[in-house]
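An overview of the molecular structure
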Amino acid sequence: NAGVTQTPKFRILKIGQSMTLQCTQDMNHNYMYWYRQDPGMGLKLIYYSVGAGITDKGEVPNGYNVSRSTTEDFPLRLELAAPSQTSVYFCASSYDDRGNQPQHFGDGTRLSIL
Amino acid sequence: GNSVTQMEGPVTLSEEAFLTINCTYTATGYPSLFWYVQYPGEGLQLLLKATKADDKGSNKGFEATYRKETTSFHLEKGSVQVSDSAVYFCALSDAGGTSYGKLTFGQGTILTVHP
């Protein structure tokens, strides 16, 4: 069972570069999420999607963009990388919109901006 | 808005010791509560959950009870093992259709268990 797959696992970027973090899930979940994890800060929601073609901002969306053209894929784009975006990024998915069921997480992408 | 507060860490215990990690929350309505665990180099995994007041979630010897009167969801285990060393996150999700399952996390507690 693949579940939620994130690529790449590690990446180093220079300030001002752009990149796309990939996320795909094979569970046919409608709901997908992007979080960032900073040391001692827990996870913060960046963007989420409730289905193909529908996305919305989370708590910390500045500097990021997302798209959802298919149920399976939910890429996260950084247009102008800044040192403040150094973090570990997690993608998650769920079939439940009422908050009663858990989210399934990928293994994360560790991103450093130098 | 919603918030989750976990006890300050890190926590270091000897094998077979009793574990408690405190978690309190602030939320409108009646949230669902979760404990997630993160092993080194991995993503988060659900450890246990509770969806209404007085529910007890349990898994792998861990337990937590949803206490509405004290807005708490403390994690406990009677006898920890070295393999329990990980980061533990308390989280909540607003119940209801407009919540879209979004999670609010605590800051995480690092647990290290020594032989």
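Look above for the structure.
The rules behind these values
Residues numbered from 1 in each chain as written. Chains lettered and ligands numbered in written order. Predicted model: local features only at pLDDT ≥ 70, side-chain atom pairs only at ≥ 80, totals over all residues. Heavy atoms only, no water. Helix = DSSP H or I, 4+ residues; strand = E, 2+ residues; numbered from the N terminus. Rg over C-alpha atoms; globule rule 2.2 N^0.38 Å. Buried < 20%, exposed > 50% of the residue type's maximum accessible area, 1.4 Å probe, protein only. Contact = heavy atoms within 4.5 Å. Areas by Shrake-Rupley, 256 points an atom, 1.4 Å probe, with all protein chains shown as cover. Lys, Arg positive; Asp, Glu negative; His and termini not counted. Charge placed at Lys NZ, Arg CZ, Asp CG, Glu CD. Buried area = accessible area lost by both parts, 1.4 Å probe. Salt bridge = Lys/Arg side-chain N within 4 Å of Asp/Glu carboxyl O. Polar contact = N/O pair within 3.5 Å; in protein donor to acceptor, adjacent residues only side chain to side chain. Nonpolar A, V, L, I, M, F, W, Y, C, P; charged D, E, K, R; others polar.

Next up on the list: the overall build of chain A. Counting secondary structure elements, chain A contains zero helices and 11 strands. Mapped from its N terminus to its C terminus, chain A presents α and β elements in the order β-β-β-β-β-β-β-β-β-β-β. A compact globule built from 114 residues should have a C-alpha radius of gyration of about 13 Å, and chain A, at 13 Å, falls within 12% of that. Taken along its principal axes, the extent of the C-alpha atoms in chain A is 40 × 30 × 25 Å. Buried residues in chain A amount to 46% of all 114 residues. Nonlocal contacts in chain A, meaning residues at least 24 apart in sequence, comprise 54% of its contacts between residues at least 6 apart. Of the roughly 5,500 Å² of accessible surface on chain A, 49% is carried by carbon and sulfur atoms. Separation of charge centres in chain A, based on 10 positive and 10 negative side chains, amounts to 9 Å.

Moving on to the interface of chain A and chain B. Quoted interface sizes are often the accessible area lost when the parts come together. Contacts between the two partners involve 23 residues from chain A, matched on the other side by 25 residues from chain B. Both faces considered, chain A and chain B share a buried interface measuring about 1,800 Å² in area, 55% of it formed by carbon and sulfur atoms. Of all residues in chain A, the largest losses of buried area upon contact with chain B belong to Leu43, Asn100 and Phe105 of chain A, amounting jointly to 23% of the total for that side. Taken together, the connections running from chain A to chain B amount to zero salt bridges. Linking chain A with chain B are seven residue pairs in polar contact (both at pLDDT 80 or more). Counting residues per element, the ones that place at least two in the side of chain A that touches chain B are strand E4 (31-37) and strand E5 (43-51) of chain A. Looking at the side of chain A that touches chain B, its residues break down into 11 nonpolar, eight polar and four charged.

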